[in-house]
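Architecture and fold: a report
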Amino acid sequence: MGLFKKIGQALKKTKEAISRKLDELLSHGELNEDFFDELTDILISCDVGVRSSMEIVDELRDECHKRKVRTGDKVKEVLKEILKKYFEDAPEIEIEYPAIITIVGVNGVGKTTTIGKLSKYFKNLKKDVTLVAGDTFRAAASSQLAEWANRTKTRIIKHAEGADAAAVVFDGITSAKAKKTDVLIVDTAGRLHTKTNLMEELKKIDKIINREYEEAHKYTFIVLDATTGQNALSQIKAFDDFVEIDGIILTKLDGTAKGGVIIAIEKEYKLPVVFVGTGEGADDLQPFNADEFVEELF
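Let me begin by describing the structure that accompanies this report. (Residues numbered from 1 in each chain as written. Predicted model: local features only at pLDDT ≥ 70, side-chain atom pairs only at ≥ 80, totals over all residues. Heavy atoms only, no water.)

Description of the pairing of strand β5 (residues 217-225)
Convention followed: The classification of residues rests on relative accessible area computed with a 1.4 Å probe and restricted to protein chains. Under 20% of the type maximum is buried, over 50% is exposed, and intermediate values are partly exposed. Note on conventions: DSSP H or I runs of at least 4 residues are helices, E runs of at least 2 residues are strands, and numbering of each starts at the N terminus. Between any two strands, pairing holds if DSSP finds at least two bridges. A clockwise path from the first strand over the helix to the second, with the strands pointing away from the viewer, defines a right-handed crossover.
With seven of nine residues buried, β5 is to be regarded as a mostly interior element. By the bridge criterion, six bridges tie strand β1 (residues 99-104) to β5 in an arrangement that is parallel. Bridge pairing in β5 places Ala99 opposite His217. The sheet contact formed by β5 and strand β6 (residues 247-251) spans five bridges and is parallel. By the bridge assignment for β6, Phe221 is matched with Gly247. Crossover connection from β5 via helix α10 (residues 231-240) to parallel β6: handedness right-handed.

As for the sheet that holds strand β8 (residues 285-287)
Quick reminder of the rule: What counts as an axis is a line fitted to C-alpha atoms, over the stretch in contact for a helix, and the angles between N-to-C directions run from 0 to 180 degrees. In this analysis, two residues are considered to be in contact whenever any of their non-hydrogen atoms come within 4.5 Å of each other.
Reading across from one edge, β3-β2-β4-β1-β5-β6-β7-β8 is the order of the eight strands in this open sheet, with mixed pairing throughout. With one partner strand each, in any of the chains shown, β3 (155-157) and β8 form the two edges of the open sheet. Pairwise comparison of adjacent strand axes, ignoring direction, gives a mean angle of 25 degrees for this sheet. Of the pairings in the sheet, the one linking strand β2 (residues 129-132) to β3 comprises three bridges and is parallel in character. Bridge pairing links Val132 to Ile157 in β3. In this fold helix α11 (residues 261-269) packs onto β5, β6 and β7 (273-277), with an angle of close to 165 degrees to the strand it touches most, β6.

Written out as structure tokens, the structure reads:
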């Protein structure tokens, strides 16, 4: 299945929630205040966010008035232009090698599965990949990652449960250098005894990476669950206060009508969405393309 088709299928529920309702709204004819109010409600219902939805509709209203827009198709085109513009503010990420990718995020968002899919993605690109089981706090985290390593035929560096996460990362870097690994993917804990405890561990890992692997291109990606909608924004804030986030991986996009949260993320944080989960298979992690996303919504 092609990339474009996979993104389209993953957005099926969100598309139904936005595009179908918008078509119904446009079938009523007149572009009056009721139309713009109802469009605001549609966007909010898909987790674009209250403030973002109001700003988008205000801009759409002004553009439609300025361009003397009268038809439904033209309204859609103007709306697509506005949405695409928001994505232009986010920096583009092109992964360079050797790369070390640190994965952060709260428990339950699908971090371990995402790392497994990421390893498969890079292996499909003929890259040598090593996983680092840096979540030594959660019971069975290392064994779950080891299952993915086995499934994708990827090397894994792990220690016993409760070990110092920074020590595991140190060993992972040592191995990556020795074997000339293209991509080192580091799992991290999603929860420790306290938030401060967790963030201090992340900073310690970051310090080890910067000290021991200067020549690597470093990326920190936060994994977010699309089904949580606006809650994803508060998760970004919690981690961004302590670690510098380079990009976002959005999981479970295929299981929700809340895909509009991608728009809220771009407006609020101007962070690029790098990958999106489009299903449960090992190959169901796709590079995100903003133009495709907006076109598929309509």
